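# Reading the structure
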Amino acid sequence: MNLITILGPTAGGKTSFAANLAHKLNTEIISADSRQIYCGMDLGTGKDIADYTVDGQPVPYHLIDILPAGTKYNVFEYQREFFKAFEEISAKGKTPILCGGTGLYIESAIRNYQLIDVPANPSLRKSLEQYSLEELKNMLAAMRTLHNNTDTDTKKRAIRAIEIETFIKENPKVVPSYPKINSLIFGIKNPRAVERAKIRIRLQQRLDEGMIDEIKKLMESGISADDLIYYGLEYKYVTLYVTGQLKYEEMFDQLYIAICQFAKRQMTWFRRMERLGMYIYWIDGQLDMESKINFALELLRRNAD
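Residues numbered from 1 in each chain as written. Predicted model: local features only at pLDDT ≥ 70, side-chain atom pairs only at ≥ 80, totals over all residues. Heavy atoms only, no water.

Inspection of every chain in the model, using the stated rule, returns 17 salt bridges. Put simply, Glu107 and Arg272 hold a salt bridge, and the shortest N to O gap is 2.3 Å. Here Glu107 is found in helix α3 (residues 103-110), whereas its partner Arg272 is found in helix α11 (residues 248-275), with 165 residues between them in sequence. Using a relative accessible area of 0% as the deciding quantity, one classes Glu107 as buried. For Arg272, a relative accessible area of 29% gives the class partly exposed. Note that Lys155 and Glu129 form a salt bridge whose closest N and O atoms lie 3.8 Å from each other. Of this pair, Lys155 sits in helix α6 (residues 155-170) while Glu129 sits in the loop between α4 (122-128) and α5 (133-143), and the two are 26 residues apart along the sequence. With relative accessibility at 30%, the residue Lys155 sits in the partly exposed group. (Salt bridge = Lys/Arg side-chain N within 4 Å of Asp/Glu carboxyl O. Helix = DSSP H or I, 4+ residues; strand = E, 2+ residues; numbered from the N terminus. Buried < 20%, exposed > 50% of the residue type's maximum accessible area, 1.4 Å probe, protein only.)

Now the structure itself:
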């Protein structure tokens, strides 16, 4: 085992648990959150930076606040940055803790996806626009076996998939060589009613702490409303409120529902991971911190034997 992973749906208490475990093990945390990478996007992404101080001692963390808000980022770049942090922490003789709720990022790390950076091909895209979705599906099927419909549910996705396959065919496939990951995976979850209550309380707290002002400042800094809406959830609905498209009560209610739906999608992804053979040791989020830590330490001890 060379990695500890802590995952779970939003508002479940992952960060606090990870920080306390990292403090106990004298190690460092690598974030697996697709929005916490951005500077200035704090309350809206739930960074909970205060949780990274345990018993008055700071717990080192990585891949938080690494890019200006508004910058586009993808899983290829995340994987590269993850392994950079992983190797840096491992070189100190420590076992890194990966913590977050972005399933794609987590899988890109622990399953060591073979990813390559495929640039856009404007001329190819233009030539493919004339074809129907069904014709694009047939083109892609001729290039590789289609295991699911993810790459062909829209014309845009189908064109991108063909673009990737074309690049691979025309260029030597240079895949980064990363170390093999063997991770012990913990999940934090709560009963559905408790989860929903936690989401509502946390949302109200973040609004009270200034989430609306945070988003106004981002807009004042030059980030467009469309770019903020692109980030989804808090940034989408609060931006719609700030720009006068939603009333406060509408914003709160719609955002609360959207976050609950997001938490459900996260659990769907984690169950999929389990079906793919990744065993997750689930911990009741309502347990006190000492019980959670003792449970984790006992499993870590057994895996070390």
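From this point, the narrative continues.
The next thing to look at is the pairing of strand β8 (residues 97-100). The two faces of β8 match: Ile97 and Cys99 on one face and Leu98 and Gly100 on the other face are all buried. Here strand β1 (residues 3-7) runs beside β8; their pairing, made up of 4 bridges, is parallel. When the bridges of β8 are listed, Leu7 appears paired with Gly100. One ladder, built from 4 bridges, connects strand β2 (residues 29-32) with β8; its direction is parallel. Bridged to Ala32 within β8 is Gly100. (Pairing = 2+ DSSP bridges.)

To continue, consider the sheet that holds β1. Spatially, 6 strands are ordered β6-β2-β8-β1-β9-β10 in an open sheet, and the strand pairing comes out parallel. The outermost strands of the open sheet, each flanked by one partner alone, are β6 (61-62) and β10 (280-284). Note that β1 and strand β9 (residues 183-189) share 5 bridges and pair parallel. If you follow Ile6 over to β9, its bridge partner there is Phe186. Here helix α12 (residues 289-304) sits on the sheet in contact with β1, β9 and β10, set at roughly 160 degrees to β9. (Contact = heavy atoms within 4.5 Å. Axes fitted to C-alpha atoms, helices over the stretch in contact; angles between N-to-C directions.)

These values are about where atoms sit, not about what they do.
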